[in-house]
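# Analysis of the macromolecular model
Each chain, written out:
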Amino acid sequence: MIKRSKEMDGGKEQLIILKDITIISDSLNIDIWLKGGWAIDFLLKKITTKDY
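Everything in this summary refers to the structure shown in the same document. (Residues numbered from 1 in each chain as written. Predicted model: local features only at pLDDT ≥ 70, side-chain atom pairs only at ≥ 80, totals over all residues. Heavy atoms only, no water.)

Time to look at the overall build of the chain. Regarding its fold elements, the chain presents two helices and zero strands. Across the chain, every contact between residues at least 6 apart in sequence was considered, and the portion connecting residues at least 24 apart equals 41%. (Helix = DSSP H or I, 4+ residues; strand = E, 2+ residues; numbered from the N terminus. Contact = heavy atoms within 4.5 Å.)

This is how it looks when you write it as structure tokens:
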């Protein structure tokens, strides 16, 4: 997992949390589904809106 720092903004932290969740779920062979803005942000590897 990626270590978080206090300086991170909410958007970057959100992407890191989503990445951590996928790493954990993959290691446990659990399928997860992201939908809406989270799915788009995760696939593009950037925050597309400011409503986080």
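Text resumes after the structure shown.
On the surface, Ile17, Ile21, Ile24, Leu28, Ile30 and Ile32 cluster together into a nonpolar patch covering about 480 Å² of accessible area. Looking at the secondary structure, you find Ile21 in helix 1 (residues 10-27). (Patch = residues over 30% accessible without salt bridge, like charges linked within 9 Å, V, L, I, M, F, W, Y side chains within 5 Å. Areas by Shrake-Rupley, 256 points an atom, 1.4 Å probe, with all protein chains shown as cover. Salt bridge = Lys/Arg side-chain N within 4 Å of Asp/Glu carboxyl O.)

Following the sequence through the fold, Thr22 ends up in helix 1. Residue Thr22 is classed as buried on the basis of its relative accessible area of 13%. Contacts of Thr22, omitting those with residues within four sequence positions, involve Ile32 and Phe42. (Buried < 20%, exposed > 50% of the residue type's maximum accessible area, 1.4 Å probe, protein only.)

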